[in-house]
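Single-letter residue listing:
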Amino acid sequence: MTVIHWHDDMQLGHPPLDAIHQEFVDLVGRLQTAPDDDLPGLMDALLAHARSHFEEENRWMRETGFPSTDCHVEQHDAVLASVVEVHALCARGEREVCRSLAQALADWFPGHATYLD
């Protein structure tokens, strides 16, 4: 498993977006490495962050006429649906699925941010 960490190459040059992305990366990295007992609280934080993050980013794209808005929003919706589902599973004690989600997000995010943001 490769733990995701924020680094300067992830910056896109828009400070509000970079701050949101850094928070996302930090949460995913923490989910990858946290003890099992910490996973429910981190999933709560990830769910709240994802809702806010995607809502804000979707709004920015619509306001600016961003060219790939529809595709980008579809990815956000799919990721949010996965986070909601895993959040519920984690609340029932299924901790390994949290780690699987964290790894999937760590694999997905760099390409998403680079090519769609």
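Residues numbered from 1 in each chain as written. Predicted model: local features only at pLDDT ≥ 70, side-chain atom pairs only at ≥ 80, totals over all residues. Heavy atoms only, no water.

Further remarks concern the overall build of the chain. If you tally the helices and strands in the chain, you get four helices and zero strands. Listing the helices and strands of the chain from first to last along the sequence gives α-α-α-α. Going through the 117 residues of the chain one by one, you find that 41% of them count as buried. Counted over contacts in the chain with a minimum sequence separation of 6, partners at least 24 positions apart contribute 68%. Entry remark: accessible area of the chain is about 6400 Å², with carbon and sulfur atoms responsible for 52%. Across the chain, the centroid of the 7 positively charged side chains sits 7 Å from that of the 21 negatively charged ones. (Helix = DSSP H or I, 4+ residues; strand = E, 2+ residues; numbered from the N terminus. Buried < 20%, exposed > 50% of the residue type's maximum accessible area, 1.4 Å probe, protein only. Contact = heavy atoms within 4.5 Å. Areas by Shrake-Rupley, 256 points an atom, 1.4 Å probe, with all protein chains shown as cover. Lys, Arg positive; Asp, Glu negative; His and termini not counted. Charge placed at Lys NZ, Arg CZ, Asp CG, Glu CD.)

Describing an aromatic ring pair means giving the distance of the ring centres and the angle of the ring planes. Inspection of the entire model under this criterion finds three aromatic pairs. Measuring from centroid to centroid gives 5.2 Å for F24 and F109, while their planes differ by 40°, and the two rings are tilted. On the criterion of sequence distance, the pair formed by F24 in helix α1 (residues 15–33) and F109 in helix α4 (residues 96–116) is long-range, its members being 85 residues apart. Under the relative-accessibility criterion, F24 is labelled buried at 2%. Classification of F109 as buried rests on a relative accessible area of 2%. Note on W108 and F109: the rings are 6.3 Å apart at their centroids and 65° apart in plane angle, and the pair reads as edge-to-face. Judged by its relative accessible area of 21%, W108 is partly exposed. In this structure an aromatic cluster arises from ring pairing among F24, W108 and F109. (Phe/Tyr/Trp six-rings, centres within 6.5 Å; stacked < 30°, edge-to-face > 60°.)

On to helix α3 (residues 69–91). The end-to-end C-alpha distance of α3, which contains 23 residues, comes to 32 Å, matching closely the 33 Å that a straight helix rising 1.5 Å per residue would cover. Phi turns positive, to about 100°, at G93, one or two residues after α3. (Expected span 1.5 Å × (residues − 1).)

All right, on to the side chain of N58 then. Relative to the helices and strands, N58 resides in helix α2 (residues 39–64). Here N58 falls in the buried class, since its relative accessible area comes to 9%. Residues contacting N58, with those up to four places away along its chain left out, are V73 and H76.

M43 and L46 are the most contacted members of the largest nonpolar core, which totals 27 residues. The set of elements that each furnish at least two residues to this core consists of α1, α2, α3 and α4. Beyond its immediate sequence surroundings of up to four residues, M43 is in contact with L31, V83, V86, H87, C90, C98 and L101. (Core = buried A, V, L, I, M, F, W, Y, C linked by side-chain atoms within 4.5 Å.)

Bringing α2 into the picture now. Compared with the 38 Å implied by 1.5 Å per residue over 26 residues, the 36 Å span of α2 between its first and last C-alpha is a close match. G65 sits one or two positions beyond α2 and adopts a positive phi of about 70°.

Just geometry here; none of it tells us what the structure is for.
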